[in-house]
Amino acid sequence: MTDVGWRLEDGSAQKAWYLPSVNGAVILYLHGSPGNRFSLFDEASYLAKLGYGALLLDLPGHGDSEGAPNWDDHFQESVAKALDYVAAQPETDLGRIGAFAYSMGTLTISKVAERDRRVAAIALLAPFTNFKDQMKYEFRSRFGDRFWYAYTGALLAGVPFEKMQTLKALSNDKPLPLLIIAGDEDSAIPLEMPYRLHKAKAGARIWIAKGVGHLQFSTLAGDGYFRELSNFFETTIGEKQI
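Residues numbered from 1 in each chain as written. Predicted model: local features only at pLDDT ≥ 70, side-chain atom pairs only at ≥ 80, totals over all residues. Heavy atoms only, no water.

**Brief notes about the packing of aromatic side chains**
Two measures describe an aromatic ring pair: the distance that separates the ring centres and the angle between the ring planes. Selection rule: Aromatic contacts are taken between Phe, Tyr and Trp rings whose centres are within 6.5 Å, Trp giving its six-membered ring; a plane angle under 30 degrees counts as stacked, one over 60 as edge-to-face, and the others as tilted. Three exposure classes are used, based on accessible area relative to the maximum for each residue type with a 1.4 Å probe and protein chains only: buried under 20%, partly exposed in between, and exposed over 50%.
One pass over the structure, following the stated rule, counts 17 aromatic pairs. A ring pair is formed by Phe 128 and Phe 131, whose centres lie 6.0 Å apart and whose planes are at 45 degrees; its orientation type is tilted. Like Phe 128, the residue Phe 131 is buried in the burial classification. In this structure an aromatic cluster arises from ring pairing among Phe 128, Phe 131, Phe 147, Trp 148, Tyr 151 and Phe 161.

Following this line, the structure appears as structure tokens:
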């Protein structure tokens, strides 16, 4: 893989790895929080063996990328610039750019895909409906009534909760192939959230990994996990449409 990067309008440098496509299709990989471009390396390596190009991002304030880790509009700006980079590569077949995102990254790619038609298909791993409700669920399941302390602290740090609405971003009539993967033992995200997202988009697929929580899908979910990913991208961006 090659180190690549770009700068946002505020001047912050963003870093990523890029692997050219063999079959013309490219997949963007967006990590969660905390996380970095290495977080989905197993999935990218698997799909690269099938010919897919890969662009693995360090989102703002994560890994080697500059900026604040607030999951605000700068995150969408960075993904848009990643799309610019991928689309400019001679080996990329425009119309065959997909994305695979995990946890917090699912929010960002859903919001980008809502308005950027260059995103032809998205797979969401451990997604949530909106960040406030997800945070409330996770903190109450682990720490009792401490949610409001964490929520207030996040607000003061500039986290834009009112904009962090994955369900809203997907609830439109725009055709968008969508795969949702979730673990049935996730303590951070209630299983009803992935199911609500699945119902929001016509034609969406959902796959539930048995005995898996919020982490380590590539090692715990078995061969079925990788089959779901490869089947989804093969039937959406895998073959050039004539």
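We are not done yet, so read on.
**As for the pattern of salt bridges**
Side chains bearing opposite charge may pair, as long as their charged atoms lie close to each other. Basically, it comes down to this: By convention in these notes, a salt bridge is any Lys or Arg side-chain nitrogen within 4 Å of a carboxyl oxygen on Asp or Glu.
One pass over the structure, following the stated rule, counts seven salt bridges. When the shortest N-O distance is used, the salt bridge between Arg 96 and Asp 93 registers 3.3 Å. Asp 93 matches Arg 96 in its accessibility class, with the two residues each being buried. Across the salt bridge formed by Asp 116 and Arg 118, the nearest N and O atoms sit 2.8 Å from each other. Since its relative accessible area comes to 14%, Asp 116 is described here as buried. One connected set of salt bridges, linked through shared partners, spans Asp 3, Arg 37, Asp 58 and Asp 64.

**Some details on unusual backbone geometry**
Using the following cut-off: Secondary structure elements are defined from DSSP: runs of H or I of at least 4 residues count as helices, runs of E of at least 2 residues count as strands, and each element is numbered from the N terminus.
With an omega dihedral of -5 degrees, the bond running from Ser 33 to Pro 34 counts as a cis peptide bond. Within the secondary structure, Pro 34 is located in the loop between strand 3 (26–30) and helix 1 (41–48). A positive phi angle, close to 60 degrees, is found at Gln 216, a residue other than glycine. With respect to the element layout, Gln 216 can be found in the loop between strand 8 (205–209) and helix 8 (217–220). Overall, Gln 216 belongs to the exposed group, its relative accessible area being 54%.

**Things to note about helix 2 (residues 73–87)**
The condition that has to hold: What a helix is expected to span follows from its residue count: subtract one and scale by 1.5 Å. Two residues qualify as a contact provided that any one of their heavy atoms is within 4.5 Å of a heavy atom in the partner residue. Polar contact is defined as a pair of N or O atoms within 3.5 Å, subject to the rule that within protein one atom must be able to donate a hydrogen and the other to accept it, and that residues adjacent in sequence are counted only when both atoms are side-chain atoms.
Over its 15 residues, helix 2 extends 21 Å from the first C-alpha to the last, a length consistent with the 21 Å expected when each residue adds 1.5 Å. Regarding helix 2, the residues found buried are Phe 75, Gln 76, Glu 77, Ser 78, Val 79, Ala 82, Leu 83 and Val 86. Looking at the packing, one finds that the buried side of helix 2 touches strand 1 (2–7), strand 2 (13–19), strand 3, strand 4 (53–58), strand 5 (97–102) and helix 3 (104–115). In this structure Asp 72 caps helix 2, since a side-chain oxygen of it lies 3.1 Å from the backbone nitrogen of His 74.

**Brief notes about the packing of helix 1 against helix 9 (residues 223–236)**
Counted only if it meets this: Here an axis means a line fitted to C-alpha atoms, over the contact stretch when the element is a helix, while the angle between two N-to-C directions is reported on a 0 to 180 degree scale. Our angle categories are set so that under 35 degrees counts as roughly parallel, over 145 as roughly antiparallel, 65 to 115 as roughly perpendicular, and the remainder as oblique. Left-handed describes a crossing in which the near helix is turned anticlockwise from the far one by less than a right angle; the clockwise case is right-handed. Any residue that is not Ala, Val, Leu, Ile, Met, Phe, Trp, Tyr, Cys, Pro, Asp, Glu, Lys or Arg is counted as polar, Gly included; the first ten are nonpolar and the last four charged.
Between helix 1 and helix 9, the shortest axis-to-axis distance is 11 Å and the interhelical angle comes to 55 degrees. What the angle tells us is that helix 1 and helix 9 run oblique. Between helix 1 and helix 9 the crossing geometry is right-handed. Residues Asp 42, Glu 43, Tyr 46 and Leu 47 of helix 1 lie in contact with helix 9, whose contacting residues are Tyr 225, Phe 226, Leu 229, Ser 230 and Phe 233. For the contact of helix 1 with helix 9, the per-class residue count stands at six nonpolar, one polar and two charged.

Honestly, that's just the spatial picture; any functional story needs more than this.
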